[in-house]
Amino acid sequence: MGKTGRDWTQIYAIYGMDDWQTPVFLLIHAIFFSASSILFLIYFDWICSSFESILPSVFSTGFARFAAGFTGSVTALSAVCLFYASGNLFYSSVALRWDMAQRMVNAVHDWSTVKTALDVGCGRGILLNTVAMQLKKEGSSGRVVGLDRKNTTLSTLRTAGTEGVQEYVTCREGDARRLPFPDNYFDVVVSAGFVHTVGKEFGQKTAAAAAERMRVVGEVVRVLKEGGVGVVWDLVHVPEYVQRLHELKMEDVRVSEPVTAYMVRSQIVSFRKPSQHVVGPSEVRLDWR
């Protein structure tokens, strides 16, 4: 284990999927619509005749053929769209997550000096273990902490064991809006496909949800050491994060080219916390004495 080039079956065997029901649901409907479109093609003349016989005053021969052809075309197009959606969701949950984890790790130029790292919203541990494997590769004595709002510690540590990096990984449960760590604690903070889920109880497009996401960004900055590096891969809302990072006076803010993930636009944003950092309005200094 520990190789960057992997077949999706290897990744799936270790990490599985958080939500396999949705791709399967879409796949079943795609198969149904495919079968329906084939039946439309095979029994096209009979369907046209049926249209004419059911509503002879409405369907002339020409119009009946157009209606049957249009219905069959929409059915076939629906099948193609459902197959694509199912495939993209599965790809995004397995192979793409692995690939983006590699890109995020590569955004940090020097892992040899990293002693403490944090993965916010670690989930099944794909990014968490990728960071741990990089620390192991560098011969570092560093450790990476995986934080998630769900109690997934046992399953996540199990994947770390499979990858052979369990000694580099610790996990804990916590709220990303109030990270249970002191200021200036981590050399590197990463997060993959998580921040956009924060505040979803308020509705994704509401001001309240946006404020919750900005709290997470502020917390990431707070726990990052001066000179430390943050890397976030997320869906849709990355431009908001970039704006907030500029407001917080972060340096070297870089945004990747967009990648389609889970049927929407996704990007990686990386940044560095300046050596002399002034506390921003959404950052909260916590007293750990």
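I will try to describe carefully the structure that is included in this document. None of the values given here were measured: they were computed from a predicted structure.

### Points about the overall build of the chain
A count of helical and extended segments in the chain gives nine helices and eight strands. In terms of C-alpha radius of gyration, the chain reaches 24 Å, well past the compact-globule figure of 19 Å for 289 residues. Looking at the chain as a whole, 48% of its 289 residues are labelled buried. Look at the contacts in the chain between residues 6 or more apart in sequence, and 79% of them connect residues 24 or more apart. Summed over its atoms, the accessible surface of the chain is roughly 14700 Å², and 60% of this surface lies on carbon and sulfur atoms.

### Quick notes on the packing of helix α3 (residues 44-54) against helix α4 (residues 61-93)
Orientation of α3 relative to α4, taken along the N-to-C sense of each, is 125°, at an axis distance of 9 Å. The angle between the axes of α3 and α4 places the two elements in the oblique class. Between α3 and α4 lies a crossing of right-handed hand. Side by side, α3 and α4 meet where Phe 44, Asp 45, Ile 47, Cys 48, Phe 51 and Glu 52 of the first sit next to Thr 61, Ala 64, Arg 65, Ala 67, Ala 68 and Gly 69 of the second.

### Quick word on the state of the cysteines
On inspection of all chains with the given rule, the structure shows zero disulfides. The closest cysteine sulfur to the non-disulfide-bonded Cys 122 is located on Cys 171, 5.0 Å from its own sulfur. Taking the relative accessible area as the measure of exposure, Cys 122 reaches 8% and is therefore buried.

### Things to note about the pairing of strand β4 (residues 186-192)
For β4, the tally of buried residues reaches seven of seven residues, placing the bulk of the element in the interior. Sheet topology places strand β1 (residues 116-120) next to β4; three bridges connect them, and they run parallel. Bridge pairing links Asp 119 to Val 190 in β4. By the bridge criterion, six bridges tie β4 to strand β5 (residues 224-235) in an arrangement that is parallel. By the bridge assignment for β5, Val 188 is matched with Val 229.

What counts and what doesn't
Sequence order as written defines residue numbering, which begins from 1 separately in each chain. Only residues with pLDDT of 70 or above have their local features reported here, since the model is predicted, and side-chain atom pairs are shown and tallied only from 80 upward, although totals for entire chains, interfaces and linings are computed over all residues. For the side-chain quantities, the full set of heavy atoms in the structure was used; hydrogens and water were omitted. Comment: elements are numbered from the N terminus, with helices defined as DSSP H or I runs of at least four residues and strands as E runs of at least two. Radius of gyration: over C-alpha atoms. The globule rule applied is 2.2 Å multiplied by the number of residues raised to the 0.38 power. Note on exposure labels: buried denotes an accessible area under 20% of the residue type's maximum, exposed denotes more than 50%, and partly exposed covers the range between, all computed with a 1.4 Å probe on protein chains only. Note on definitions: a residue-residue contact is assigned when non-hydrogen atoms from the two residues lie within 4.5 Å. Using a 1.4 Å probe, accessible areas were evaluated by the Shrake-Rupley method; residue-level cover was limited to the displayed protein chains. Only the stretch in contact is used when fitting a helix axis, every axis being a line fitted to C-alpha atoms; angles between N-to-C directions are given from 0 to 180 degrees. Roughly parallel means an angle under 35 degrees; roughly antiparallel, over 145; roughly perpendicular, 65 to 115; everything else is oblique. Left-handed describes a crossing whose near helix is turned anticlockwise from the far helix through less than a right angle; right-handed describes the clockwise counterpart. By definition, disulfides here are pairs of cysteine sulfur atoms that lie within 2.5 Å. Two strands are counted as paired when DSSP detects at least two bridges linking them.

The quantities given are spatial measurements derived from coordinates; they are silent on function.
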